[in-house]
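Survey of secondary and tertiary structure
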Amino acid sequence: MERNAIAVIVGSLRKESFSRKAAKALIPLAPPSLRLEFVEIGGLPMYNQDLEDSPPVTWTEFRERVRKFDGVLFITPEYNRSVPGVLKNAIDVGSRPREKSVWRGKPAAIISVSTGVYGAFGANHHLRQSLVFLDMPAMQQPEAYIGGAAKLFDDNGNLTDEHTRDSLRKFINIYAEWVSKLTTQ
Ligand SMILES: Cc1cc2nc3c(=O)[nH]c(=O)nc-3n(C[C@H](O)[C@H](O)[C@H](O)COP(=O)(O)O)c2cc1C
């Protein structure tokens, strides 16, 4: 069976991040056709085009690593109705030099996570706007907006809400099928 490698990028650096907890809960729900792997973004220096003549090694390593994946799964909170700067920075770093963007063509999916009631809808859709420019096909359905995140996990960070688990299972299985279709075309 063909196995697709998927980079999991979490848009929060917080130790107790609900987005990361959701990502951790998602991994065992993925079917065998997907291999999900975290790619960390917290150590990337802020994007500055002046550095491109001699890019920081962290940028180069990140670019080379992401390039090898078949798809990308973004799991992100919302900051002020958009994505956190750390995630936008990682997207910018991976997108340059433009002709070598690591994102182009990789099938993406988004799960947005919030303690609020709207499930970080704003961040989810702001991110979709960037994916259009990056030429990343983005899964349209199902959408994944996780709201009220503070009530979904126990003190050890385990997901305790079965409705959310079922939604995540459905989401990741449909993503796996969609990625398989795109990567075998
Ligand atoms: C700077 C900042 C801005 C925020 N803006 C929003 C927002 O626009 N919408 C929202 O639903 N929650 C907002 N929140 C609350 C986050 O949903 C909450 O802090 C969440 O736990 C962050 O995700 P994490 O647990 O993965 O770090 C904001 C939090 C911070 C720190």
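The residue numbering used here restarts from 1 in each chain and proceeds along that chain's sequence as written. A pLDDT threshold of at least 70 governs which residues receive local features in this predicted model, and a stricter bar of 80 or more applies before side-chain atom pairs are shown or counted, although totals over entire chains, interfaces and linings include all residues. To get the side-chain values, all heavy atoms of the structure are used, and hydrogens and water are removed first.

Observations regarding the pairing of strand β2 (residues 34-38)
The following threshold applies: At least two DSSP bridges between two strands are required for those strands to pair. Numbering of helices and strands runs from the N terminus, with a helix taken as a DSSP run of H or I at least four residues long and a strand as a DSSP run of E at least two residues long.
With five bridges connecting them, strand β1 (residues 4-10) and β2 associate as parallel partners. Across the sheet, residue valine 8 finds its bridge partner in β2, namely phenylalanine 38.

Some points on the side chain of serine 101
To be explicit about the condition: Any pair of residues with heavy atoms lying within 4.5 Å of one another is described as a contacting pair.
Locating serine 101 in the fold gives a position in the loop between α3 (85-94) and β4 (108-113). Sequence-distant contacts of serine 101, defined by excluding residues within four places in its chain, comprise Arg67, Gly94 and Ser95.

Re helix α2 (residues 57-67)
The criterion, for reference: Throughout, exposure labels follow a simple rule: accessible area from a 1.4 Å probe, protein chains only, divided by the maximum for the residue type, with under 20% read as buried, over 50% as exposed, and the rest as partly exposed. Here, the arc refers to the directions that run from the helix axis to the C-beta atoms.
Every buried residue belonging to α2 is among Trp59, Phe62, Arg63 and Val66, and all of these are buried. Take α2 and look down its axis: the buried residues cluster within an arc of 100 degrees, on one side only. Looking at the buried positions of α2, the neighbouring elements they touch are β1 and α3.

What to know about the packing of aromatic side chains
Stated precisely, the cut-off is as follows: Working definition: a ring pair exists when centres of Phe, Tyr or Trp rings (six-membered ring for Trp) sit within 6.5 Å. Plane angles under 30 degrees give stacked, over 60 give edge-to-face, the rest tilted. For a Lys NZ or an Arg CZ to count as sitting over a ring, it must be within 6 Å of the ring centre and within 35 degrees of the ring normal.
Applying the stated criterion to the full structure yields six aromatic pairs. With centroids separated by 6.2 Å and ring planes inclined at 65 degrees, the aromatic side chains of phenylalanine 62 and tryptophan 103 adopt a geometry described as edge-to-face. Of the two residues, phenylalanine 62 sits in helix α2 while tryptophan 103 sits in the loop between α3 and β4, which places them 41 residues apart along the sequence. Each of the two residues, phenylalanine 62 as well as tryptophan 103, counts as buried. Seen in terms of ring centroids, phenylalanine 74 and tryptophan 103 are 6.0 Å apart; in terms of plane orientation they differ by 45 degrees. Their pairing is tilted. Here phenylalanine 74, found in strand β3 (residues 71-77), pairs with tryptophan 103, found in the loop between α3 and β4; they are 29 residues apart in sequence, far enough to count as distant. Side by side, phenylalanine 74 and tryptophan 103 carry an identical accessibility label, which is buried. One aromatic cluster is present, formed by Phe62, Phe74 and Trp103 through successive ring pairs. Its guanidinium or amino end placed over the ring of phenylalanine 18, arginine 14 lies 5.2 Å from that ring's centre, counting from NZ or CZ. Taking NZ or CZ as reference, arginine 20 lies 5.2 Å from the ring centre of phenylalanine 38, over its face.

Section: the pattern of salt bridges
Using the following cut-off: By definition, a salt bridge exists where a carboxyl oxygen of Asp or Glu is found within 4 Å of a side-chain nitrogen of Lys or Arg.
Summed over all chains, the structure comprises nine salt bridges. The residue glutamate 37 makes a salt bridge to arginine 65 at a minimum N-O spacing of 2.8 Å. Residue glutamate 37 is located in strand β2, and its partner arginine 65 is located in helix α2; the two are separated by 28 residues in the primary sequence. Between arginine 81 and glutamate 78 there is a salt bridge, with its nearest N and O atoms 2.6 Å apart. Looking at arginine 81, the relative accessible area reads 52%, which means it is exposed. Sharing partners across several salt bridges, the network here consists of Arg35, Glu37 and Arg65.

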